[in-house]
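# Breakdown of the fold
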Amino acid sequence: MDPRRVPVLDRTLSMLAEGYAWLPGRRRRAAGGVVRARVMGQHAVGVRGPEAVRFFYDESHVRRHPAIPEPVLGTLFGHGAVHTLDEHDHRVRKAMLMSLLTEPAGIAALVDHVVAAWDEAVASWEQRPQVVLFDEASRVLAQGVCRWAGVPLDEADVAPVARDLVALVDGFATLGPRHWRARRARGRREAWLAHLVQEVRDGTTTVPAGSAVDVVTWHRDADGALLSPRTAAVELLNVLRPTVAVCWFVTFAAHALHRWPQHRERLRADDPAYAEAFVDEVRRFYPFAPFLGARAVTDLTWRGEPIPAGALVLLDVYGQHHDADQWSEPYTFDPRRFLDRPPGRDELIPQGGGDPSTGHRCPGEDVTKALLQALVPRLARLDYEVPEQDLTISLRRIPARPRSGAVISGVRRPDR
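First things first, this report covers the structure right here in the doc. Computed from a predicted structure; not experimentally measured.

Before going further, it helps to examine helix α2 (residues 22–29). Within α2, burial applies to W22, L23, P24, G25 and R26. Lining the buried residues of α2 we find α1 (12–18), β1 (35–39), β2 (42–47), β5 (291–296), β8 (312–316) and α15 (317–321).

Below is the structure:
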């Protein structure tokens, strides 16, 4: 590696300041479209596009585990999580999670629980002058996924659990107050679920056979041993947390319906193909993950550019979703782009790319889509007003969300 090609100035502060725009902006200025930067004191190389996705998820090229910084483990994923494993250890643990999150019957059951919680919540919204959709959706999702997973949850505990699960996602990409709220939330919820796992093993608490709690509690890892109660709690959170994080996409969907109300009628018309296309466009258009990181395991070459062993490899998710070489009018919200041709596996990557059964793509992606395809048409069928509020979405905030949380008022069900 030519030492003159290694960046000297560290760009961590500019990355934090610019948020989602940082990597795409550097790519526009980079020779050959390959970004080089020093981040957190390390040489980093930014890539994007379907070919880059395949390069990134090839374990002979990069490994995710060494590239996950401790602040992300201490908030979003948890220490000892499946995200920290590679090769056979990763595949064994991932297969357990896949069994929970990809089986059609299990997904359908989860959707049923969440829809029931949604319908209960909507009835209460009608009695209130206004609600913050982001907060309400997080509670609906927390209640539904805990019922499905076999996690005992009193009604009084729904809101605190939802707040903590939201905090885990909201605080991973900052070192400010949101980050410390996330750390405290993780400590509380790991202790809560570890206690539940121990009670199930001791026989003092019974959970439904085949539920997430049951499966994770009795899972044996690649070494044949049961997970420690704390690691089992980490993996249970990795089932609950991504499900509750769907509240971001529900809120983005409400934002889209407000800005482009012409989509509402078709979503109301019970058109599954259009609902799926709308959901995919929400996942493409709106900012969620800015990029993903991994570490080169050997000296590599990407499009003629050398990547030294040990360098960070950053897959530009937001940039890929707004790349004019890949999408027609990428800054236009248009679900019709997905009606004629569903997105390729490595084109639309809001929850990672590659094969979820063998790689690090989120095993909950099918759950996310199924939940949104059930909830978004229900949202579209509601009658409500959108009072004056700040609906701006700052690309400097990671993860981004409408500033107001999407306040709606005068909610009325269509059968009223």
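Still to come is the rest of the account.
What follows covers the layout of surface pockets. Empty space among the atoms can be located by rolling a probe the size of a water molecule over them. Of the pockets and cavities examined, the second largest pocket occupies roughly 280 Å³. In terms of lining residues, the second largest pocket is bounded by 15 residues, among which A121, R139, Q143, E155 and V158 are the most central. Among the secondary structure elements, those contributing two or more residues to the lining of the second largest pocket are α6 (104–125), α7 (133–149) and α8 (155–170). For the lining of the second largest pocket, a count of residues per class yields seven nonpolar, two polar and six charged.

Turning our attention to the packing of α6 against α7. Running from N to C, α6 and α7 cross one another at 135°; their axes reach a closest spacing of 8 Å. Between α6 and α7, the angle falls in the class oblique. Judged by the twist between their axes, the crossing of α6 over α7 is right-handed. Counted together, G106, A109, L110, H113, V114, A117, W118, E120, A121 and W125 of α6 and L133, E136, V140, L141, Q143, G144, V145, R147 and W148 of α7 form the full contact between these two elements. Residues that form the contact of α6 with α7 fall into these classes: 12 nonpolar, four polar and three charged.

Ordered by their spatial adjacency, five strands build an open sheet running β1-β2-β8-β5-β3, and the pairing between neighbours is mixed. Unpaired on one side and paired on the other, β1 and β3 (62–63) mark the two borders of the sheet. Where β1 lies against β2, five bridges are found, and the strand directions are antiparallel. Of the residues in β2, the one forming a bridge with A37 is A44. The strands touched by α2 within the sheet are β1, β2, β5 and β8, with β1 carrying the most contacts at an inclination of about 135°.

Formed by 95 residues in total, the largest nonpolar core has its most connected members in W118, W125, L133, W148, W248 and F278. Grouped together as the second largest cluster of nonpolar side chains are 20 residues, V34, V53, F56 and V317 included.

Here we come to the side chain of Q320. Residue position: Q320 is located in helix α15. Apart from residues no more than four positions distant in its own chain, Q320 is found in contact with R48, G49, P50, V53, L315, Q326, W327, D346, E347 and I349.

This paragraph deals with the packing of aromatic side chains. Each pair of aromatic rings is reported with the distance of its centres and the angle of its planes. Overall, the coordinates contain 17 aromatic pairs when judged by the stated rule. With a centroid separation of 4.9 Å and an interplanar angle of 85°, the aromatic rings of F134 and W248 are classed as edge-to-face. Placement of the pair is F134 in helix α7 and W248 in helix α12 (residues 246–259), with a sequence separation of 114 residues. Relative accessible area serves as the criterion here: at 2%, F134 is assigned to the buried category. Exposure remark for W248: the relative accessible area of 1% places this residue in the buried category. Here the aromatic rings of W260 and F285 are separated by 5.6 Å at their centres, their planes lie at 90°, and the arrangement is edge-to-face. You can see W260 sitting in the loop between α12 and α13 (264–268) and its partner F285 sitting in helix α14 (residues 272–285), a full 25 residues away along the chain. In this structure W260 comes out as buried when scored by relative accessible area, which is 16%. The ring of W327 carries the charged tip of R284 above its face, separated from the ring centre by 5.6 Å. Over the aromatic face of F134 sits the side chain of R401, whose NZ or CZ is 3.8 Å from the ring centroid.

Procedures and definitions
- Residues numbered from 1 in each chain as written.
- Predicted model: local features only at pLDDT ≥ 70, side-chain atom pairs only at ≥ 80, totals over all residues.
- Heavy atoms only, no water.
- Buried < 20%, exposed > 50% of the residue type's maximum accessible area, 1.4 Å probe, protein only.
- Helix = DSSP H or I, 4+ residues; strand = E, 2+ residues; numbered from the N terminus.
- Contact = heavy atoms within 4.5 Å.
- 1 Å grid on protein atoms, 1.4 Å probe; cavity = no way out; pocket = protein on both sides within 12 Å on 5 of 7 lines; lining within 4 Å.
- Points joined across faces, edges and corners; volume = space filled by probe spheres on them.
- Nonpolar A, V, L, I, M, F, W, Y, C, P; charged D, E, K, R; others polar.
- Axes fitted to C-alpha atoms, helices over the stretch in contact; angles between N-to-C directions.
- Parallel < 35°, antiparallel > 145°, perpendicular 65-115°, else oblique.
- Left-handed = near helix turned anticlockwise from the far one by under 90°.
- Pairing = 2+ DSSP bridges.
- Core = buried A, V, L, I, M, F, W, Y, C linked by side-chain atoms within 4.5 Å.
- Phe/Tyr/Trp six-rings, centres within 6.5 Å; stacked < 30°, edge-to-face > 60°.
- Lys NZ or Arg CZ within 6 Å of the ring centre and 35° of its normal.

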